[in-house]
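Inside the fold
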Amino acid sequence: MTTVSRRSFIGSAFAAGAAASGVTIRPAHADTSTVAPAPIGVPTGQRITAEDARFQALRTGNNQRFLSTPDYVRMIHTPQDALLATQEALDLGKKFTVRSGGHCFADFVCNPETEVILDMAPMRAVGFDETVGAFYAEPGGMLIDVYERLYKGWGVTLPAGICYSVGVGGHIVGGGYGLLSRKYGLTVDHLSMVEVVVVDEHRQAHLVRASSDPEDPNHDLWWAHTGGGGGNFGVVTRYWFRTPGAEGSDPGAQLIRPPAEVLVSAVAFDWDQLTETNFTRLIENFSHWHASNSAPDSPYTSLSSLFNVSHRATGAMGMFTQVDGDDPNAATLLAEYMSALLEGTNIVPRPMLTPIGELPAMPDYLEGARLPWLQATKLVGSNNPTITNPTSRGGHKSAYMKQGFDRRQIAALYKHMSREDFTNPDTMLVLFSFGGAVNAQAPDATANAQRSSIYKMCFQTFWSDPKDDAFYLGWLRDIYEDVFAATGGVPVPNDQMDGCYINYPDRDMADPARNRSGVPWSTLYYKDNYPRLQSVKDRYDPGNVFSHSLSIRNSST
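Residues numbered from 1 in each chain as written. Predicted model: local features only at pLDDT ≥ 70, side-chain atom pairs only at ≥ 80, totals over all residues. Heavy atoms only, no water.

Moving on, we get to the UniProt feature "domain: FAD-binding PCMH-type" (unreviewed entry) in the protein. Cross-referencing UniProt, the feature "domain: FAD-binding PCMH-type" (unreviewed entry) maps to residues 65-246 in the present numbering. Helix makes up 23% of residues 65-246 and strand 24%, whereas the separation of the span's terminal C-alpha atoms amounts to 44 Å. (UniProt positions renumbered as here; feature names shortened; annotations may be inferred. Helix = DSSP H or I, 4+ residues; strand = E, 2+ residues; numbered from the N terminus.)

Next comes the structure, spelled out in C-alpha cells:
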C-alpha cells in the first residue's frame, strides 16, 4: 500500500476540488494588491423569500428564542453555490449569516441584523476521497449521516457529538467531542483539511482549501477551524478527516474504528433518596473519580459517562455510561466506576426506564448490557429537548473543570436544583466525562485550548412560552453565577476551572453585568489562542464580513 504524503495530499486536493466543483480553488494570499475578479454566475440553490411557505420555518433555528426576518434564505447545494451566493450577498450589500444544522444555542445565525441566510442543509454528502486519501463530510449533514455512512461503508467513525441531529458544519469547527473522545480525542484532532469561502479586503469571495500540513500557506486557516467556532472566517463547504499517523491507501485504515460492541449502563437516582448530604457526596465522588482517571494514559479512557444532574422537578437524575466492549476489562471498569460513584451515599440506583433530561427511556441496563456500537450511539442521543419539542426555547451555559466542584459550589447546585418554586422538568446540569486523549494535545495544537479538563458541563433549561423568558433565564443565571460566584459569576480559567465551550455559546459572557470577573469573553472561550485567531481573522476576513454577537474580532477593533 502507498503512503499518502503531506505534500501530495495538498496538491491532489486542490486539483481534485477544482475538477469536481467546476470553480477555481486558489490559495488566499496576504498580498491582495492585484484584485482578483469576482465570481461570475448565479447560484442554483433556491432563493426563499417571505412569500414562500417554507420561509417561516427557515427564519429561525432550533432555539425559538432567536428569530430573524431576512430578505431571503439561499439554499446551498455545491461549493460553487456557496461561492456565488456569498458574492451575491456582498454585491447587494447584505448582512448574511451561515447555517448548517440550526442547533446554535445563541443568535449567531438568526437575529434582527440578519438580511440573508445561507442555508447549507442540502450539502449532506459523506464519503471517501480517493484522490486525497481522506474521508469527507459536507456541512449540511447531521452527525447521524456521518456515523451511518462511515460505519456501514468502511467500519470507521469520528469521536463526535452525542446529539446526532446536530449539523456537521458548526459542530466540527467548534471542536467536537463525544463518548469516544476520552479514547480518541476531539473531532478536530482528526481534521486534515477544510474548504472555505473567504472574502478578501476588496469584498471578493474566494474558495480556498487549508490543511494540517504546516507548510501549507493556508495552514493557519485550517488551525482556526479546529475549535475557532462557527461564523467567524468564512463559509465551510467541506471537511476532510484522516487520523494522524494513518498509513496506506485502505480507507478502513484512515480513521478510528469504533468497538463492535459497547457495554452500557443507564441508571436513575431518585430525588426522593437525595438529601443535601448524599447529593454532595455523589457529586464529589463523580469529581474525584474523573480527577483521578483523566490522564491520557489512564486505563479508564475507554469509559465515558453522561450525568444528567436534573432538577428535582424531573423526579430523578440519570446517568448513561459507556465502556468500549473490546476492552477485556470492560465489566470490571464499569463495576469499579459505579462503586466509586456510589461510595458513602446510601443511594440505591434503579433502571432508567423513563426519560431524564437529555437521556431517553431505556431497558433495564442497571447492571450493564452489551449493545452494537451504532445502536448505542443512536439510543443515547434520542431525547434531546431541542429535537423532541420543536417549539422549544432554551438557555444554555457551559464550563470546563480541571478539578471538581468545591463544597460551596455543590451547595449552590443543590439549592437551585431543589427549589420548590421551580417546576420545569426540562432543566438540568449535564456533566460530560472529559480528559483522556483530549488532554494529550497541547493547548495551542488546535484552536480548542481546553486540554487539561476532567469534565465539561452544560447548564440548560427549556420552555415554550415567550412570556416565561425572564423567569427561566433568571433561574439559569442565578445558578450559574452562584456556582461561579468566587470568580465574578463565570468559570475564569485557573487551577480549578478552564473557561467555556464555544459550541455552547452564551451572550452573557460578553455582558459586564453578568460577567463581573473583568476577564473578557474571548479569554473564557479561547484562552491564550485568541490573538492567533485574530490574526487569522485579519488575513481571511479583513472586512469583518463574518460576524455575530461572539465572533472573533479583527485585531484593529
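This part is about the sheet that holds strand β5 (residues 126-129). Strand order across the open sheet formed by 5 strands is β5-β6-β9-β7-β8, with antiparallel pairing between neighbours. The strands lining the two open edges of the sheet, one partner per strand, are β5 and β8 (205-211). For this sheet, the mean angle separating the axes of adjacent strands, direction not counted, is 25°. Sheet topology note: the strand β6 (residues 134-137)/strand β9 (residues 235-241) ladder contains 3 bridges and is antiparallel. (Pairing = 2+ DSSP bridges. Axes fitted to C-alpha atoms, helices over the stretch in contact; angles between N-to-C directions.)

As a further point, take the domain arrangement of the protein. According to the domain assignment, the protein consists of domain 1 (45-258) and domain 2 (261-528). Between the C-alpha centres of domain 1 and domain 2 there is a distance of 26 Å. Opposite the 44 residues of domain 1 that make contact, domain 2 presents 55 residues. Buried area between domain 1 and domain 2, summed over both chains or domains, comes out near 4,100 Å², and the portion from carbon and sulfur atoms is 59%. At the surface where domain 1 touches domain 2, the tally comes to 4 salt bridges. Where domain 1 meets domain 2, there are 22 residue pairs in polar contact (both at pLDDT 80 or more). Those elements that place two or more of their residues in the side of domain 1 that touches domain 2 are α4 (143-154), α5 (168-173), α6 (181-184) and α7 (219-224). The biggest single contributor to the side of domain 1 that touches domain 2 is α4, with 5 residues. For the side of domain 1 that touches domain 2, a count of residues per class yields 19 nonpolar, 18 polar and 7 charged. (Domains from an automatic or database assignment. Contact = heavy atoms within 4.5 Å. Buried area = accessible area lost by both parts, 1.4 Å probe. Salt bridge = Lys/Arg side-chain N within 4 Å of Asp/Glu carboxyl O. Polar contact = N/O pair within 3.5 Å; in protein donor to acceptor, adjacent residues only side chain to side chain. Nonpolar A, V, L, I, M, F, W, Y, C, P; charged D, E, K, R; others polar.)

This paragraph deals with the packing of helix α8 (residues 276-292) against helix α12 (residues 407-417). Following both chains from N to C, one finds α8 and α12 inclined at 120°, their axes separated by 10 Å at the closest point. Relative to α12, the element α8 lies oblique. For the pair α8 and α12, the sense of crossing is right-handed. Contacts between α8 and α12 pair E276, F279, T280, I283 and E284 from the former with R407, I410, A411, L413 and Y414 from the latter. A breakdown of the residues in the contact of α8 with α12 according to their chemical character gives 6 nonpolar, 1 polar and 3 charged. (Parallel < 35°, antiparallel > 145°, perpendicular 65-115°, else oblique. Left-handed = near helix turned anticlockwise from the far one by under 90°.)

Our focus in this paragraph is the packing of aromatic side chains. This model, assessed by the stated rule, comprises 34 aromatic pairs. Through pairs of rings, three or more aromatic residues link up here, namely F105, Y177, Y400, F432, F434, Y501 and Y504. Over the ring of Y136 we find R238; its NZ or CZ atom is 3.9 Å from the centre of that ring. Here the basic side chain of R532 rests over the ring of W223, its NZ or CZ set 3.9 Å away from the ring centre. (Phe/Tyr/Trp six-rings, centres within 6.5 Å; stacked < 30°, edge-to-face > 60°. Lys NZ or Arg CZ within 6 Å of the ring centre and 35° of its normal.)

A separate point is the side chain of H103. When you line up the elements, H103 lands in the loop between β3 (96-99) and β4 (116-119). H103 gets classed as buried once you look at its relative accessible area, which sits at 14%. Only 3.1 Å separates the side chain of H103 from the side chain of S165, close enough to count as a polar contact. (Buried < 20%, exposed > 50% of the residue type's maximum accessible area, 1.4 Å probe, protein only.)

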